[in-house]
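Chain residues, written in single-letter form:
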Amino acid sequence: MKHEKSAKLYQEACQYIPGGVNSPVRAFKSVGLAPIFVSHAHGSRIEDIDGNSYLDYICSWGPLMFGHSPEFLTEGLLEVVQKGTSYGMSTPIEVEVAKLIVQAHPAVKQVRMVNSGTEATMSALRVAKGYTGRNKILKFEGCYHGHSDALLVKSGSATLTYGVPTSLGVATDVIKDTLVGTYNDVEGLQQVFEQHGNELAAVIVEPVAGNMGVISATKTFLEEMRRLCTEFGTVLIFDEVITGFRIGYQSAAGYFGVTPDMACFGKIIGAGLPVGAYGGKAEIMALVSPVGPVYQAGTLSGNPLAMHMGKKNLEMLRDNRIIYEELEQKGKKLATGLRESIKALDLGYTVNQVGSLVTLFFAKGPIENHDDVMKADMEAFNRYFTALLNQGILIPPTQFEAMFLSQAHTDEDIELTIKACHKALEEATRKK
């Protein structure tokens, strides 16, 4: 495939935007390529400005449960735009979306709309600190909760990709109260609480990590986390920015049968428009201004366009929950095909799959935490990515992310992808 137009535009973009991109993972830096620039997308396919068409397994990093530009979502959007794109005032649809979230999620009795997942997690932690009167928080290595200062400590996603576990510009005083545990390590979790339990305001966790590749928390890990948080009066926060309404309509809380005290959302609740939200128990959310003393505000929060898209998305998921079974089967079909290729080629690689989230790790399993992921053969993954791109298959340009499937991905799409992956694995692992 030729990418002359994208390459030229990238050179221009680098003059005006740091690294030529507005989010690091888009740069394709970790795979040694210039990024592609998108022209348009529909269904399961995306097209770049050079006219190349790709089967898309990024799906805007998760929001697109029904694929790109489904008619039921885009219908009526122009009418909403013509009424006004932003008011800085309350609108009825904000209440409708909040009601949908509260009715769906086991932990959420009240919810506050914000503009991004980063804003959601940052705000939830502030509320948890206000509620408990404590300062320390516990996160887990490899889990990514956005780029707020207190959480940029051994984080995942693009930070991991570039091999920088923390960020310049983050004051040590800000992160001194952030403890970092090992994902899925029950004994380690218990030790943290033994030493710091009475100081911990909150534990924040991705129930299914998606930013060091797909790694599911074990139910034992989550249940022990719930028990310890209850015992020590610590607020348990599920970061459901990825898992929220994707692995089930009740999100990860319903999927695992473990109810946190608070939850953070993004992606799907805006169906691809910028959005975030955080919510939780009524007594915790009662601390949020203007009712309580914990301040948080946002001019564009509850934006009518995002709420319009989110409402339609959530209502379709609520009324058609069979989609979760369908996506589970699609995920299993893709994962099974990848595992068969790995076996046929006698490769020591691992495939993790939860619902419609899939990652092929270029490392021997089981892959259960950050240390396991870091054993992956990054150079082989980079060759694999390039080989897939040349066959018209677009996956995340880093070993540390999830492939996202949507309802728009057909069985034929998945079968084509499995064949392309087999060929790409052959190319990536061929002995020189």
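Values in this document were obtained by computation on a predicted structure and should not be read as measured data.

Residue position: N303 is located in the loop between α11 (282–285) and α12 (304–319). Classification of N303 as buried rests on a relative accessible area of 16%. The contacts of N303, once residues within four sequence positions are left out, are T85 and S86.

The next thing to look at is the pairing of strand β13 (residues 350–354). Judged by how many residues are buried, β13 sits mostly within the fold: 5 of 5 residues are covered. With 5 bridges connecting them, β13 and strand β14 (residues 357–361) associate as antiparallel partners. By the bridge assignment, V354 is partnered in β14 with L357. Following β13, the chain reverses through 2 residues before pairing antiparallel with β14; G355 in that reversal takes a positive phi of roughly 60°.

Attention now goes to the confidence of the model for the protein chain. Averaged over every residue, the pLDDT of the protein chain is 94; residues scoring 70 or more account for 97%. Across residues 155–165, where pLDDT falls below 50, the model places 33 contacts with residues more than four positions away in sequence or in other chains.

The next thing to look at is the pattern of salt bridges. Per the counting criterion, the structure on display carries 14 salt bridges. Ionic pairing is found between K311 and E315, a salt bridge with its closest N-O pair at 2.9 Å. You can see K311 and its partner E315 sitting in helix α12, 4 residues apart, about one turn around the helix. With relative accessibility at 23%, the residue E315 sits in the partly exposed group. Here the salt bridges do not stand alone but share partners, grouping E96, K311 and E315 into one network.

Turning our attention to the nonpolar core. By size, the foremost hydrophobic cluster in this structure holds 82 residues, and its most contacted members are F140, Y183 and Y384. Setting aside chain neighbours within four positions, we find F140 in contact with V180, G181, T182, Y183, L189, V203, I204, V205, F221 and M225. Formed by 26 residues, the second largest nonpolar core is a distinct cluster that contains M65, F66, L100 and Y324.

Definitions and limits used
Residues numbered from 1 in each chain as written. Predicted model: local features only at pLDDT ≥ 70, side-chain atom pairs only at ≥ 80, totals over all residues. Heavy atoms only, no water. Helix = DSSP H or I, 4+ residues; strand = E, 2+ residues; numbered from the N terminus. Buried < 20%, exposed > 50% of the residue type's maximum accessible area, 1.4 Å probe, protein only. Contact = heavy atoms within 4.5 Å. Pairing = 2+ DSSP bridges. pLDDT = per-residue confidence, 0-100. Salt bridge = Lys/Arg side-chain N within 4 Å of Asp/Glu carboxyl O. Core = buried A, V, L, I, M, F, W, Y, C linked by side-chain atoms within 4.5 Å.

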